[in-house]
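Understanding the architecture of this molecule
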Amino acid sequence: MMQSLTLRMRRTSDLWNRFSRRNSSVIGLLGAVFFLAVALFANWLAPYGRLEMGLSFQPPSPDNWLGTDSLGSDVLSSIIYGAQTSLLVGFCAVATSSVIGVVVGALSGYYGGMVDNVFMRITELFQMVPQFFLAIIIIALFGASIWNVIFVIGILTWPSTARLLRGEFLALKQREFIEAGRSLGMSDFDLIMREILPNALPPVIVNASLQISGAILLETSLSFLGLGDPNVMSWGMMLNSAQEYFNRAWWMAAFPGLAIFLTTLGLNLVGDGLNDALNPRLRT
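Here goes a summary of the coordinates provided.

1. Observations regarding the nonpolar core
Most often, soluble globular proteins have nonpolar side chains that are buried together. I79, I153 and W235 are the most contacted members of the largest nonpolar core, which has 50 residues in total. Elements with a minimum of two residues in this core: α2 (23–40), α4 (75–111), α6 (131–142), α7 (146–156), α10 (188–224), α11 (235–242) and α12 (251–278). Among residues more than four places away in sequence, those in contact with I153 are V89, A93, A215, L218 and E219.

Structure follows, in structure tokens:
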């Protein structure tokens, strides 16, 4: 037990050492954790409630640090509440796409043959379709609820995960430890779940960290076009409301845009750090 704990601590330490080689990755992690904490504790951090209104178009001041919008809502509070929506969409959409991609990629790479051909043709079909325009059509047909947006983004972004995992499975299923497992009578399910998948996950984890920022940007784009959930606050919805008042109240667009930029930048830097930490080709 003690040896197992020591080994885990050593592996965690090695992982952190590889991740922290780049100062930018650590900065990105701090930024991502900051916005995640803001989203989790939004109800306590926001200086004003969701429905509190004041004077419209007030510039940044001690009472409203980032100013107010056309309805008199505090921009800082709206950004804090919007972080909940953006990160919820990012994480849930990527979780959805990862589950689909892992199932498709694992089955395709492990069984090959007809199974591989069918799954890869479906994957290529999804990759050929313009994701953004298809998302617009689906949201317009089925409604702009937050869960519809999450589902649509998840459904449209799984092919990259599937292709990554398929490549890992094709390489790993030929290894000696898999042949040894077969000789011991292990089932296909056990070989996939216990032997191959844990060794094939690192590139999927890196890809997922990068996809979160893409999902946030896609949700922001949909909301900016008026296809977001009107019942929840989001950064894209704030930009949509700000576009006709930019000359009068620049802060309505500048600060939500800055929040989007910093969040996606932090997540991309975390992805670079995870690639350094988990990619065996980069280990020294």
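Further notes follow.
2. A few points about unusual backbone geometry
The phi angle at F57 is positive, at roughly 55°, despite the residue not being glycine. Considering the arrangement of structural elements, one finds F57 in the loop between α3 (42–45) and α4. With relative accessibility at 15%, the residue F57 sits in the buried group.

3. Considerations on a nonpolar patch on the surface
A contiguous nonpolar patch, built from L36, L40, F41, W44, L45 and F91 and spanning about 670 Å² of accessible area, is present on the exposed surface. Secondary structure elements with two or more residues in the nonpolar patch: α2 and α3. Structurally, the position occupied by L45 is in helix α3.

4. Observations concerning the pattern of salt bridges
On inspection of all chains with the given rule, the structure shows four salt bridges. In this structure, R166 engages D116 in a salt bridge whose closest nitrogen and oxygen atoms are separated by 2.7 Å. With R166 in helix α8 (residues 159–172) and D116 in helix α5 (residues 113–128), this residue pair connects regions lying 50 residues apart in the sequence. The salt bridge partner of R182 is E179, with a shortest N-O separation of 3.1 Å. One end of the pair is R182 and the other is E179, both in helix α9 (residues 176–183) and three residues apart, which spans about a single turn.

Thresholds, definitions, all that
- Residues numbered from 1 in each chain as written.
- Predicted model: local features only at pLDDT ≥ 70, side-chain atom pairs only at ≥ 80, totals over all residues.
- Heavy atoms only, no water.
- Core = buried A, V, L, I, M, F, W, Y, C linked by side-chain atoms within 4.5 Å.
- Buried < 20%, exposed > 50% of the residue type's maximum accessible area, 1.4 Å probe, protein only.
- Helix = DSSP H or I, 4+ residues; strand = E, 2+ residues; numbered from the N terminus.
- Contact = heavy atoms within 4.5 Å.
- Patch = residues over 30% accessible without salt bridge, like charges linked within 9 Å, V, L, I, M, F, W, Y side chains within 5 Å.
- Areas by Shrake-Rupley, 256 points an atom, 1.4 Å probe, with all protein chains shown as cover.
- Salt bridge = Lys/Arg side-chain N within 4 Å of Asp/Glu carboxyl O.

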